[in-house]
Amino acid sequence: MTAAPTTLAEPTAREERKPISRRGRRRRSRLVAIAFLLPALALNLLVIGGPTVSSIVYSFTDWNGITSPEFTGLENWTNLVQDESFWNAIGHNFIYLLIFLTVPLAMGLLGAFMLSRIRRGAGLFRVLFFIPYLLVSVITAQIWRNILDPEFGIASALNAIGIHWLDGVYFFADENLALYSVAFVDNWHFWGFLVVLFLAAMQGVDASQYEAARIDGANAWHEFWHVVLPGIRPTLTFALTIIAIGSLLVYDYPFILTGGGRRAPRTSLRSWSTGPRSSSGTRATPRRWRSRSRS
């Protein structure tokens, strides 16, 4: 008796399908990510890319926004390069940037590290540090404008007790002090936000790293340098980014406290670009703020 010949089963569709390589998976996931990014990218190009390109095109023309533009070549760029106040504004923005990349950043890190070691009342301190950041810039500016007023502010109070250190000091009118006075007010408003931001990041650092550092004999400075800073590096990068952007776009505090102006040494680049123009097309001479005087 002979055995019936066995027939091999035909492979199914699943067996015929070849496994996807690792490179293929990466390519597919990349395409999916790009597909999700396309709507946001298209909106970004429409809202930001379009005006940017049109601004570059119109920079080679003479256009008032209503009539048809007239091509002028490099005349606008030549006037810009030869404008002394433009370079002054860039220099002031650079000084402002250096101030905010050092002073509030250091104060924020120090305040957050000290608060991270407080066990009782930490929530109250967070609120106290964050309150100035919640105030509108106009209110903050008016508070400090009154405090530093040479006739009615802290100088007057010191005069009453025989201290004359601040006699005749006009913080927001003196061309040598205005920039740093404005930066002081802006820093008072901003550094509490950095404290809360860094504190939240420090609380996300693994507690075992602090314990290991203490076992190895690390003091508070070693913990801060070798544990805290590496642990909050992404947050620190984010803070540096927003500080740089904010310093280059600063407008409200210089304008409110000093009246802005294009030729004033305290002018920022943004106040220069949005300053008033005279009838001839050039930017008008700024109005300067002066402290009130007693009648």
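Residues numbered from 1 in each chain as written. Predicted model: local features only at pLDDT ≥ 70, side-chain atom pairs only at ≥ 80, totals over all residues. Heavy atoms only, no water.

Assigned secondary structure in the protein chain consists of 14 helices and two strands. Here the protein chain holds 295 residues, and the buried ones make up 31% of them. Intrachain contacts of the protein chain at a sequence separation of at least 6 include 66% that bridge at least 24 residues. (Helix = DSSP H or I, 4+ residues; strand = E, 2+ residues; numbered from the N terminus. Buried < 20%, exposed > 50% of the residue type's maximum accessible area, 1.4 Å probe, protein only. Contact = heavy atoms within 4.5 Å.)

Examined against the element boundaries, M114 turns out to sit in helix α5 (residues 103-116). Along the backbone, M114 and V195 are 81 residues apart, and their C-alpha atoms lie at a distance of 9.8 Å.

Let us now look at a positive patch on the surface. A surface patch of like charges, here positive, comprises R22, R23, R25, R26, R27 and R30. In this fold, R30 is placed in helix α2 (residues 22-58). (Patch = residues over 30% accessible without salt bridge, like charges linked within 9 Å, V, L, I, M, F, W, Y side chains within 5 Å. Areas by Shrake-Rupley, 256 points an atom, 1.4 Å probe, with all protein chains shown as cover. Salt bridge = Lys/Arg side-chain N within 4 Å of Asp/Glu carboxyl O. Lys, Arg positive; Asp, Glu negative; His and termini not counted. Charge placed at Lys NZ, Arg CZ, Asp CG, Glu CD.)

Next up on the list: the confidence of the model for the protein chain. With 81% of its residues at a pLDDT of 70 or more, the protein chain shows a mean pLDDT of 81. In the predicted structure, residues 261-266 sits below a pLDDT of 50 and forms 29 contacts with residues beyond four places in sequence or in another chain. Contacts from residues 277-295, a stretch scored under 50 in pLDDT, to residues over four places away or in other chains number 48 contacts. (pLDDT = per-residue confidence, 0-100.)

Once that is clear, we can look at the pattern of salt bridges. On inspection of all chains with the given rule, the structure shows two salt bridges. In this structure, E223 and R117 form a salt bridge, with 2.9 Å as the shortest nitrogen-oxygen distance. Pair noted here: E223 is in helix α11 (residues 220-231) and R117 is in the loop between α5 and α6 (122-134), with a separation of 106 residues, a long-range link. Under the relative-accessibility criterion, E223 is labelled buried at 3%.

Secondary-structure assignment places V127 in helix α6. Its relative accessible area of 47% is what places V127 among the partly exposed residues. Sequence-wise, V127 and V196 are 69 residues apart; in three dimensions their C-alpha atoms are separated by 8.8 Å.

Turning our attention to the nonpolar core. Taken as a class, soluble globular proteins show a tendency for nonpolar side chains to be buried jointly. Ranked by internal contacts, the top residues of the largest apolar core, which has 41 residues, are L109, L194, F198, M202 and I232. Listing elements by their share of this core, those giving two or more residues are α4 (84-100), α5, α7 (137-147), α9 (178-203), α10 (207-215), α11, α12 (233-248) and α13 (252-258). Tallying contributions element by element places α9 first for this core, with 14 residues. (Core = buried A, V, L, I, M, F, W, Y, C linked by side-chain atoms within 4.5 Å.)

In this model, α12 (16 residues) spans 23 Å end to end at C-alpha, consistent with the 22 Å of a helix rising 1.5 Å per residue. Listed in full, the buried residues belonging to α12 are T235, L236, A239, I243 and S247. Summarising the axial view, the buried residues of α12 lie within an arc of 100°, below the 170-degree limit, and thus occupy one face. Set apart from the buried face of α12 by more than 90 degrees, the exposed residues are R233 and P234. Lining the buried residues of α12 we find α4, α5, α9 and α11. (Expected span 1.5 Å × (residues − 1). Arc of directions from axis to C-beta.)

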